[in-house]
Amino acid sequence: MILAVLAAALLLLLASGWLAYQNSRLIAGRKANGAAVHLPSPRYSVFSQATPRQMGDSGGESLFSLRLPLESAASVTEGQEYAWVTLCRDDTGQGEMLLPDAQRYMLSRIRQLAGEKQPIEFVAYVEEGVSDLEQELILNLEKAVKEAV
């Protein structure tokens, strides 16, 4: 009986050693190919501005713009009734939000406008989405606006 338990323990030790060896070979192969480089998650920011222009000159790309009454947005210019709130990918890595946070923020603004019975205008920059997740975000925001109307 003791001999059977020792044999099983030895078999488990050999199997775990073989798996550890294979895992280390796999990791070493990935490092040699450069696949182990970890890229940080993109960051996102929201800017208030007078027009829904793209933010490409400021180190980011606009993904979605939403028109808000000035009492709902930060004041942009005296005498204006509306401001555009633009969600941008911040290519400098200095953004305040991750993608899920950015989506929640923009959806809350859309729901706020729908609850106030405000007309909802938006500009979607689907072509600026560099990943499937960004393009899905833009399409989800468009869908939310269309459902709110």
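Now for a quick tour of the structure.

Rules behind the numbers
- Residues numbered from 1 in each chain as written.
- Predicted model: local features only at pLDDT ≥ 70, side-chain atom pairs only at ≥ 80, totals over all residues.
- Heavy atoms only, no water.
- Buried < 20%, exposed > 50% of the residue type's maximum accessible area, 1.4 Å probe, protein only.
- Helix = DSSP H or I, 4+ residues; strand = E, 2+ residues; numbered from the N terminus.
- Pairing = 2+ DSSP bridges.
- Axes fitted to C-alpha atoms, helices over the stretch in contact; angles between N-to-C directions.
- Contact = heavy atoms within 4.5 Å.
- Parallel < 35°, antiparallel > 145°, perpendicular 65-115°, else oblique.
- Nonpolar A, V, L, I, M, F, W, Y, C, P; charged D, E, K, R; others polar.
- Salt bridge = Lys/Arg side-chain N within 4 Å of Asp/Glu carboxyl O.
- Core = buried A, V, L, I, M, F, W, Y, C linked by side-chain atoms within 4.5 Å.
- Phe/Tyr/Trp six-rings, centres within 6.5 Å; stacked < 30°, edge-to-face > 60°.

### Remarks on the pairing of strand E2 (residues 60–69)
- Counting buried residues along E2, 10 of its 10 residues qualify, which places the element largely inside the surrounding structure.
- Bridge analysis of E2 against strand E3 (residues 82–90) gives nine bridges, and the strand direction is antiparallel. Each bridged residue has a counterpart across the sheet, and for Gly60 the counterpart in E3 is Asp90.
- As judged from the three bridges shared by E2 and strand E4 (residues 122–124), these two strands associate in the antiparallel manner.

### Considering the sheet that holds E3
- With respect to topology, four strands assemble into an open sheet ordered E1-E3-E2-E4, the strand pairing being antiparallel. The sheet terminates laterally at strand E1 (43–49) and E4, the two strands that pair on one side only. For this sheet the average axis-to-axis angle between neighbouring strands, irrespective of direction, equals 20 degrees.
- Pairing of E1 with E3, which is carried by seven bridges, proceeds in the antiparallel orientation. The residue of E3 that forms the bridge with Phe47 is Thr86.
- Seen against the sheet, helix H2 (residues 99–115) touches E1, E2 and E3 and runs at an angle of roughly 20 degrees to E2.
- Together, E1, E2, E3 and E4 form the strand contacts of helix H3 (residues 132–148), whose direction differs from that of E2 by roughly 15 degrees.

### Examining the packing of H2 against H3
- Where H2 contacts H3, the axes come no closer than 10 Å and their chain directions differ by 10 degrees. As summarised for this structure, H2 and H3 are arranged roughly parallel, according to the angle between their axes. Residue-level inspection shows Leu99, Gln103, Met106, Leu107, Ile110 and Ala114 of H2 in contact with H3, the latter providing Leu133, Glu134, Leu137, Asn140, Leu141, Ala144, Val145 and Ala148.
- In the contact of H2 with H3, the residues fall into 11 nonpolar, two polar and one charged.

### Topic: the pattern of salt bridges
- For the structure shown, the criterion picks out three salt bridges.
- Two residues, Glu121 and Arg67, come together in a salt bridge whose shortest N-O distance is 3.1 Å. One end of the pair, Glu121, is in the loop between H2 and E4; the other, Arg67, is in strand E2, and 54 residues separate them in sequence.
- Residue classification places Glu121 among the partly exposed residues on the basis of a relative accessible area of 34%.
- A salt bridge links Asp101 to Arg104; its shortest N-O distance comes to 2.4 Å. With a gap of three residues between them, Asp101 and Arg104 both fall in helix H2, about one helical turn apart.
- Residue classification places Arg104 among the exposed residues on the basis of a relative accessible area of 51%.

### Focus: the nonpolar core
- With 20 residues, the main nonpolar core has Phe64, Leu66, Leu87, Met106, Ile110 and Leu141 as its most contacted residues.
- Taken together, the elements giving at least two residues each to this core come down to E2, E3, H2 and H3.
- The leading source of residues in this core is H2, at six residues.
- Sequence-distant contacts of Met106, that is, excluding residues within four places in its chain, are made with Val46, Phe64, Leu66, Val85, Leu87 and Leu141.

### Let's talk about the packing of aromatic side chains
- Taken as a whole and judged by the stated rule, the model has one aromatic pair.
- Here Phe64 and Phe122 contribute two aromatic rings whose centre-to-centre distance is 5.5 Å and whose plane-to-plane angle is 15 degrees, an arrangement assigned as stacked. Here the residue Phe64 occupies a position in strand E2, and Phe122 occupies one in strand E4, the gap between them amounting to 58 residues.
- For Phe64, a relative accessible area of 0% gives the class buried.

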